[in-house]
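Structural overview for review
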2 protein chains.
Amino acid sequence: MSHILVARTEAVTGARRPAVWPLSGSRRPLSSAEVELTGGVLRDWQRRNRSETVPHTIAQLRATGNLENLRRIADPALGAGTLFRGRYPFLDTDVFKTLEGLAYELARGGEPDGEMAAFYDEAVSLIERAQRDDGYLNSYFQASDVVKEPWTDLAWGHELYNLGHLIQAAVAASRQLADDRLLVVARRFADLAVDRFGLDGKDAVCGHPEVEMALVELARETGDERYLTLARLFVDRRGRGTVQPSIFPAEYFQDNVPLRELDSVTGHAVRMAYLAAGATDLVIEQGDPALARAMEHLWDDMLASKLYLTGGLGSRHSDEAIGDRFELPSERSYSETCAAIATMQWAWRMFLASGEARYLDTFETVLYNGYAAGLSDDGRAFFYDNPLQRRPDHLQRSGAEAAGELLRRAWFVCPCCPPNIVRWTAELQDHVAALDGDTLHLAQYAGATVRMGGLELELTTDYPWDQRVTVDVRTAAPGSPRLALRVPGWCRGGSLTVNGEPVVTEASSGWLRVDRVLATGDRLELDLPMPVRAHRADARVDALRASIAFARGPVVYCAEQADNDTDIDQLLFSPADVPLATAVAGRPTPNSSAETRVITVPARAVAPATDGLYPELGADEEADAAASVDTTVTLVPYYLWGNRGAAAMRVWLRRA
Amino acid sequence: MSHILVARTEAVTGARRPAVWPLSGSRRPLSSAEVELTGGVLRDWQRRNRSETVPHTIAQLRATGNLENLRRIADPALGAGTLFRGRYPFLDTDVFKTLEGLAYELARGGEPDGEMAAFYDEAVSLIERAQRDDGYLNSYFQASDVVKEPWTDLAWGHELYNLGHLIQAAVAASRQLADDRLLVVARRFADLAVDRFGLDGKDAVCGHPEVEMALVELARETGDERYLTLARLFVDRRGRGTVQPSIFPAEYFQDNVPLRELDSVTGHAVRMAYLAAGATDLVIEQGDPALARAMEHLWDDMLASKLYLTGGLGSRHSDEAIGDRFELPSERSYSETCAAIATMQWAWRMFLASGEARYLDTFETVLYNGYAAGLSDDGRAFFYDNPLQRRPDHLQRSGAEAAGELLRRAWFVCPCCPPNIVRWTAELQDHVAALDGDTLHLAQYAGATVRMGGLELELTTDYPWDQRVTVDVRTAAPGSPRLALRVPGWCRGGSLTVNGEPVVTEASSGWLRVDRVLATGDRLELDLPMPVRAHRADARVDALRASIAFARGPVVYCAEQADNDTDIDQLLFSPADVPLATAVAGRPTPNSSAETRVITVPARAVAPATDGLYPELGADEEADAAASVDTTVTLVPYYLWGNRGAAAMRVWLRRA
């Protein structure tokens, strides 16, 4: 019996902690021991993750060299240490992220998966053996044919970024499987980092933030405050130009302005959001009011000027950067899948720090749109960047480029996103509910069982397609928590009944607080009306003026050419027709086992303009309207686009 | 007396040929021996080029290593050949482009400039001595510390691109100065290229097109058809994936689709336009109807869907690429200065191939906008890329990045643009007029003297600020050419008088053809009404919907924050107010010696929206209009933006 299977049997289910486990403050997320996804979209995603994305990712990690890199360091007798595959110094993290996800999947039990356990054990063993005596671990820098010495290129070396993902995998393995092998490795590496970069160490930071939130979690898991101190040093040191960039500006690394003084999220999107998540962890643990205000300002500013309708972050392909305020072009939206995960991590911590539901609204927006779009319907192909538009013209681009931009790919040379999806989907249940004092807060809605403090709830819903969420109280003991249910920001007129009786509750700041003690057998029915909504953008977003986008519940919709005979670039939508939009059952992918909702809405199809690219004003602009033909357009959930072959797509449509 | 000064005295003025000198077809551009710019903007630009940009560029080429690279190859005894400055294999071309411009400036005479002549002689001598015995010349590949062998990296090596610029410098030196030293070097290198890549050579092309038009010109200058054949091979071979890219897709190199089958200009913008210019040279010389149709299709498609209002080409920073049809974001417009020059080179050749004035309209648009913006008012700083918008937010970006994006820089690590400006400004007079059969066509308007075929004309105008162009016939001999004057596409109601008498002329396809024999003393007065125009964009350009831009004559205008108290992002312009726009004299730069015209136009200033980034439709969108304040906005010529410190700018403004 392998170590891991022993570990699984030894794991004390009730002791499992979630991915984020604050020591301070009043809020505690529920863990995988307390929340199980049992139905609906999130459960389907988790199943697909286990059955498709995990095996695919393991196969790719084996085939493309990530595991081989570690093996060659671990087993120099095999002639290793002399060869290195791949050109990036962060390829170990793809193994780490996968292990983080595997810890959850192995703990979840279910049908045994030999390969999943075998990969886990093999990788853990290689990691243990690849670590240097002094605790250092990075197969790129340790390779004998890599010229650079460790710690000589903090801007691009990603060594502390690697440490961060190692820690997160180790904490997950410890919490989910009671397997401390990786934790031993991670602590040795973290101790080395404390020695080198701690209070008495070098005044430096890593070019890629990530380790900050990991160090906070390591402190939470081990009780060792040195890791918390190091995280704070990394947050406070950044912004003084100590990262010596080669070709990227200091802004790319968030090293141009101290985080507390930063006016707006900036630079490389993933770096920015990981950094903000780590800083917010410090707010949770240390209650620093100035840092809390800085984080709230950055968040609010991002929501007001820099986040895509889909929750995507990053407007530029160049430098994978966030861009200026109101610079939100649909076709060049970068919105990296990793940035979506980082934004959710930041949102979750902002909620834990404040208790405010609005952060969960954004979490939900990202989850069902910018994040979900990153994975194909079959779970085996990925978008790295997530545009909100692909023009018909794009189909004529040449092979390789078009394939990557119009269709998801099986893997990437820089494969950061796929294993990030693996871990994030595996730990979704850790982000569904949180206890705050004596009140259990339901943060996201899904078919689920929730057990904690003598309370057992059964959530039944077809959310986000259906507006009804049923909460059956299977068990309630004296002293069981009270309940607060989130009413999403997009919802008007959310209401609740208990045992069929309308309940007048205090709905404040996005929470419906059930002001009574729950009893076994109670049935709560939450109704979140989901009419089709139409949105416009602030006029300062040049790219979206005179545009309209449709959404229903948390799901943003798009027009795909596959569903429409008329060129989707030649459709005009009238605000007056919005009330005629209807949501109907539909399966807009070949593989979907479950029905989603598609939207049908009236529009006019107009002929392309023929008066040139820049006509002089006064020419008959409205001629096209006269020549229009009434039609009905079908819109599908944005996150499902690109699953039916290469085709044009747009979220934002022309507004009449 | 230096060789060059001897050469200058020996140069036969009348024999000077222009930059493009077709052997076939009916059109012959006039040369610097026939056209002299004597007044107005183009003359000012040429003077500034000589007095500021040329000395600045020479100093930079000396300081940053371009010349030093050649010296270390030429004089290995100095320990050279062992060191190489700069990381690009195309840095010799910056010397070549500067020499091309110097050939014109030295030939132009005027106040002697010792440094100009000294640099010319020194560089020519180094180039002569750096050339290998077999004709090869590239200081990067010849350096002993560069590992790559010549011709082993055609995708990125730029060796034939280097040859192209060497040829163009050599042809200019030969034509302007009767100095054949560079021509000897260029022919030896070109002969090597014929051997390696000619009919019996390797089936390959350079990753960066440029050599095609240079080889055609070399064939014109030398009468050697082998160079024409090689140019044709390079055009016809491209598009079959023979360029093996490292990180760029084949499309970047225009190597994905054969040029004759290409549906739309694509890939790297400068590469595309240089390639198209070279192919059009082949059309001129060989009259290939299929290739001519392909070039016309690509041109028309570009004008209809891919060229910025300013004549800029290239919508993406990533890969410096052209982008999809209708993908024309203002803030991320790349519109490289070199692409502007390449587009003008292509336009000039399309005119020479067809005689059609519309190509000259685009030439003019690029000249006064996308091209001119690349240089600072003081002639010593440059934009590499030329956006049509800088948001107020952009001012908060960090030092180095903001400096490069908001203000022109003295030089670049990749300094292709500055010396390209040097040569192009120096040879502007070669693109002012052309003889077609017995008719002299005036292509661009400027204060100028034009002498040819017994005809001497004096053009007096304050174009593009003033609508009047006066043409005095100083001398006309029997058999002197007739005259055709271009009526720009933006002009409605252009009219002509001869000696005060209205002349009924045939205005067809953009030409006013004077249907009479000119006599000494005749005065022609061309009137090109220049009301302020307002333009909108095709609704398929998402980035420009509900936007308005102002222009007058060939000059596109922009709002700069420096001229306006109100946030320029919060201004609303009504089409109804366009007739109230007026052009008044103004000097919107600190250094300008000459007055330009600025535009004043009524607008409303509105408060920023406060209902979020993506309000649900139905919210009171027009509230801001109610809260508006009437104001008057000042607009300045786009090409002069960014000369008064870092500030927000926009060409396209919000339309009420």
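The model shown is predicted, which means the values in this text are computed figures rather than measured ones. (Residues numbered from 1 in each chain as written. Chains lettered and ligands numbered in written order. Predicted model: local features only at pLDDT ≥ 70, side-chain atom pairs only at ≥ 80, totals over all residues. Heavy atoms only, no water.)

A separate point is the pairing of strand 4 (residues 433-436) of chain A. Residue and element names in this part refer to chain A. Residues of strand 4 alternate between two faces, with Ala433 and Leu435 on one and Ala434 and Asp436 on the opposite face, all of them buried. Sheet analysis places strand 1 (residues 27-29) next to strand 4, joined by three bridges and oriented antiparallel. Opposite arginine 28, over in strand 4, you have leucine 435 as the bridge partner. In the sheet, strand 4 pairs with strand 5 (residues 439-442) via four bridges, with the strands oriented antiparallel. What sits directly across from aspartate 436, in strand 5, is threonine 439. Counting the residues in the hairpin turn of strand 4 and strand 5 gives two residues, including glycine 437, whose phi is positive at 65°. (Buried < 20%, exposed > 50% of the residue type's maximum accessible area, 1.4 Å probe, protein only. Helix = DSSP H or I, 4+ residues; strand = E, 2+ residues; numbered from the N terminus. Pairing = 2+ DSSP bridges.)

In this structure, proline 464 of chain A follows tyrosine 463 of chain A across a cis peptide bond, with omega equal to 5°. Position of proline 464 of chain A relative to the elements: it lies in the loop between strand 7 (455-461) and strand 8 (468-475). One non-glycine residue, histidine 158 of chain B, lies in positive phi territory at about 60°. With respect to the element layout, histidine 158 of chain B can be found in the loop between helix 7 (154-157) and helix 8 (159-177). Phi is positive for glutamine 254 of chain B, which is not a glycine, with a value near 55°. Mapping glutamine 254 of chain B onto the fold places it in the loop between helix 11 (225-237) and helix 12 (269-286). Relative accessible area serves as the criterion here: at 2%, glutamine 254 of chain B is assigned to the buried category.

All names here are of chain A. If you walk across this open sheet you meet the seven strands as 2-6-7-8-14-10-11, and the pairing is antiparallel. The open sheet has two edge strands with one neighbour each: strand 2 (35-39) and strand 11 (501-502). Where strand 6 (residues 447-452) meets strand 7, five bridges bridge the pair, whose relative direction is antiparallel. Bridge assignment links alanine 448 to a residue of strand 7, and that residue is leucine 459.

Here we come to helix 13 (residues 289-305) of chain A. All names here are of chain A. Between the first and last C-alpha of helix 13 there are 24 Å, a value that for 17 residues agrees with the 24 Å anticipated at 1.5 Å per step. Looking at helix 13, one finds that the buried residues are Leu291, Ala294, Met295, Leu298, Trp299, Asp301, Met302 and Ser305. Projection of helix 13 onto a plane perpendicular to its axis shows the buried side chains occupying an angular sector of 165°, all on one side. Within helix 13, the exposed residues directed more than 90 degrees away from the buried face are Pro289 and Arg293. Between the side-chain oxygen at the start of helix 13 and the backbone nitrogen of alanine 290 there is a gap of 3.1 Å, and the oxygen is on aspartate 288. (Expected span 1.5 Å × (residues − 1). Arc of directions from axis to C-beta. Polar contact = N/O pair within 3.5 Å; in protein donor to acceptor, adjacent residues only side chain to side chain.)

Residue and element names in this part refer to chain B. Overall, antiparallel pairing links the seven strands, which are arranged 2-6-7-8-14-10-11 in an open sheet. Each edge of the open sheet carries a strand with a single partner, namely strand 2 (35-39) and strand 11 (501-502). Where strand 2 meets strand 6 (residues 447-452), four bridges bridge the pair, whose relative direction is antiparallel. The partner of valine 35 across the bridge, within strand 6, is valine 450.

All names here are of chain A. When pLDDT is averaged along chain A, the result is 92; 93% of the residues meet or exceed 70. In the model, residues 1-14 has pLDDT below 50 throughout and makes 21 contacts with residues more than four positions away in sequence or in other chains. Predicted complex, confidence summary: ipTM 0.94, pTM 0.94. (pLDDT = per-residue confidence, 0-100. Contact = heavy atoms within 4.5 Å.)

So, on to the packing of aromatic side chains. Taken as a whole and judged by the stated rule, the model has 58 aromatic pairs over all chains. Between the aromatic rings of tyrosine 252 of chain A and phenylalanine 253 of chain A, the centroid separation amounts to 4.9 Å while the plane-to-plane angle is 85°, which identifies the pairing as edge-to-face. For the residue pair tyrosine 252 of chain A and phenylalanine 253 of chain A, the accessibility class agrees, reading buried in each case. Taking 6.4 Å as the distance between ring centres and 85° as the angle between the ring planes, the aromatic pair formed by phenylalanine 248 of chain B and phenylalanine 253 of chain B counts as edge-to-face. Across this residue pair, the class does not change: phenylalanine 248 of chain B and phenylalanine 253 of chain B are buried. Clustering of aromatic rings is evident, with ring pairs tying together Trp45, Tyr368, Tyr445, Tyr463, Trp465 and Tyr639 of chain A. Over the aromatic face of tryptophan 21 of chain A sits the side chain of arginine 28 of chain A, whose NZ or CZ is 5.9 Å from the ring centroid. (Phe/Tyr/Trp six-rings, centres within 6.5 Å; stacked < 30°, edge-to-face > 60°. Lys NZ or Arg CZ within 6 Å of the ring centre and 35° of its normal.)

Turning next to the interface of chain B and chain A. Contacts between chain B and chain A engage 72 residues on the former and 71 residues on the latter. It is Arg536, Leu613 and Tyr614 of chain B that lose the most area in chain B upon contact with chain A, and together they represent 15% of the buried surface on that side. As a salt-bridge pair, aspartate 542 of chain B and arginine 391 of chain A come within 3.1 Å of each other at their nearest N and O atoms. Counting the contacts that link chain B with chain A gives 31 residue pairs in polar contact (both at pLDDT 80 or more). Of all the secondary structure elements, the ones that give two or more residues to the side of chain B that touches chain A are helix 13 (289-305), helix 16 (399-406), strand 15 (532-535), strand 16 (547-552) and strand 23 (653-655) of chain B. (Buried area = accessible area lost by both parts, 1.4 Å probe. Salt bridge = Lys/Arg side-chain N within 4 Å of Asp/Glu carboxyl O.)

All names here are of chain B. Tracing the chain through its elements places alanine 347 in helix 14 (residues 337-354). A relative accessible area of 0% places alanine 347 in the buried class. A sequence separation of 19 residues divides alanine 347 from valine 366, and the C-alpha atoms of the two residues are 9.8 Å apart. Excluding residues that lie within four positions of it along the chain, alanine 347 makes contacts with Trp299, Tyr359 and Phe363.

A few words on the packing of helix 2 (residues 40-64) of chain B against helix 5 (residues 114-130) of chain B. All names here are of chain B. Where helix 2 contacts helix 5, the two axes come as close as 11 Å, and the packing angle between them is 40°. When the axes of helix 2 and helix 5 are compared, the pair comes out oblique. Two packed elements cross with a definite hand, and for helix 2 against helix 5 that hand is left-handed. Between helix 2, through Arg50, Val54, Ile58, Leu61 and Arg62, and helix 5, the contact on the second element is made entirely by Glu115, Met116, Phe119 and Glu122. Among the residues forming the contact of helix 2 with helix 5, the class breakdown is five nonpolar, no polar and four charged. (Axes fitted to C-alpha atoms, helices over the stretch in contact; angles between N-to-C directions. Parallel < 35°, antiparallel > 145°, perpendicular 65-115°, else oblique. Left-handed = near helix turned anticlockwise from the far one by under 90°. Nonpolar A, V, L, I, M, F, W, Y, C, P; charged D, E, K, R; others polar.)

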